[in-house]
Amino acid sequence: MADKGVGDLVRLRASDTGVTTSAFDPAETFGVSKKRALKEVDGIRSELAALQEPLYAERSRSVLVVLQGMDTSGKDGTISHVMTGINPQGVSITSFKAPTPEERRHDFLWRIRRALPGPGLLGIFNRSHYEDVLVVKVDQLAPREVIEGRYDRINRFEANLVKSGTTVLKFCLLISAEEQRQRLVARLEDRTKHWKYSPADVDKRAQWDEYMVAYDAALSRCSIPEAPWYVVPADRKWFRNYVISNVLLETMRDLKPRYPKASFSVARELARLPAHPAIRAGRQH
Ligand code: AMP
Ligand code: MG
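What this report covers is the structure whose coordinates are included nearby. (Residues numbered from 1 in each chain as written. Chains lettered and ligands numbered in written order. Predicted model: local features only at pLDDT ≥ 70, side-chain atom pairs only at ≥ 80, totals over all residues. Heavy atoms only, no water.)

So, about the overall build of the protein. A tally of regular secondary structure across the protein gives twelve helices and five strands. Across its three principal directions, the C-alpha atoms of the protein cover 75 × 50 × 45 Å. Here the protein holds 285 residues, and 46% of them are scored as buried. When contacts within the protein are restricted to residue pairs at least 6 apart in sequence, those whose partners lie at least 24 apart make up 83%. Total accessible area computed for the protein in this model is approximately 15,400 Å², and 53% of it derives from carbon and sulfur atoms. The average position of the 45 basic charges and that of the 36 acidic charges among the side chains of the protein differ by 7 Å. (Helix = DSSP H or I, 4+ residues; strand = E, 2+ residues; numbered from the N terminus. Buried < 20%, exposed > 50% of the residue type's maximum accessible area, 1.4 Å probe, protein only. Contact = heavy atoms within 4.5 Å. Areas by Shrake-Rupley, 256 points an atom, 1.4 Å probe, with all protein chains shown as cover. Lys, Arg positive; Asp, Glu negative; His and termini not counted. Charge placed at Lys NZ, Arg CZ, Asp CG, Glu CD.)

Right, let's talk about the site of ligand 1 for a bit. In the vicinity of ligand 1 there are 13 residues, among which K97, A98, R127, E131 and K204 approach most closely. In this structure, E131 approaches ligand 1 through a side-chain N or O atom, which is 3.1 Å from an oxygen atom. A distance of 3.3 Å is found between a nitrogen atom of ligand 1 and a side-chain nitrogen or oxygen belonging to D132. Relative to its unbound accessible area of 500 Å², ligand 1 is 78% covered by the protein chains. For the shell around ligand 1, the per-class residue count stands at six nonpolar, no polar and seven charged. (Near = heavy atom within 4 Å. Polar contact = N/O pair within 3.5 Å; in protein donor to acceptor, adjacent residues only side chain to side chain. Nonpolar A, V, L, I, M, F, W, Y, C, P; charged D, E, K, R; others polar.)

V63, V65, Y130, F171 and L248 are the most contacted members of the largest nonpolar core, which has 76 residues in total. If one sorts the elements of this core by residue count, helix 11 (residues 237-255) sits on top with ten residues. With sequence-adjacent residues up to four places away left out, V63 is seen in contact with L55, P117, L121, L122, G123, T166, T167, L169, L248, M252 and L255. (Core = buried A, V, L, I, M, F, W, Y, C linked by side-chain atoms within 4.5 Å.)

Shape is all these values report; function is a separate question.
What follows is the structure, given as structure tokens:
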């Protein structure tokens, strides 16, 4: 399978209305072996790092990676694996939790706008504005008609973002209920993982079907051509990393970032550099 292939296989199209998460197998690997995926991901990491530096140097365009998924679906794991090797200075990562009292006083996109990656940056959202049509919908934290209006608002927001020079990649990490059960048990059985666990995870798990309905709506109503959703089979961590790395690499390659031309004369600057810096007399001892 060519590098491009795997992204094409999991990308939703704007015409994919009525898409349902149940149509995807969270354990799917499209015939890619673990051995091959691990090997390829190594190469992808170095190419990603090599592309991110000129993007940073250009300081004009940005990339935004949105990660959504149920608890334990691997949002944190994706960030650490896919970003390994990339210069942290060029990356901005934001995790969105339940809104603070201040955030609650503003429109739901307020905190999102504030966290957008600036020129040259690769931004990663660990959860995002989609929580406002996911948990907010499932737990009825806002009136129905308010939530209904958010899908179009999100589409307009993302389309504008793309127009102003930010490439938007949205990944929905899909795990099965059984895989989640095993991951939650593993967290509970390891005291060094307790910090990652929240009793609320089990409450959310009990609402699994409601969440899938909310995900279906977000996926089918917000897959605009400018900012498509990628539905990532995430039961196997290595495959999840493989898919996301591939899509990110393909995107960065298409951007063709270039180191900017010097705004000064290199020859003149070289000529201005003496072999030793002049030491002012007063400084000598
Ligand atoms: P975690 O990502 O495990 O640290 O959990 C963060 C929690 O914040 C999740 O349970 C989310 O559902 C919740 N959360 C994030 N955004 C919102 C939001 N806009 N409204 C309510 N809860 C949210
Ligand atoms: Mg959690």
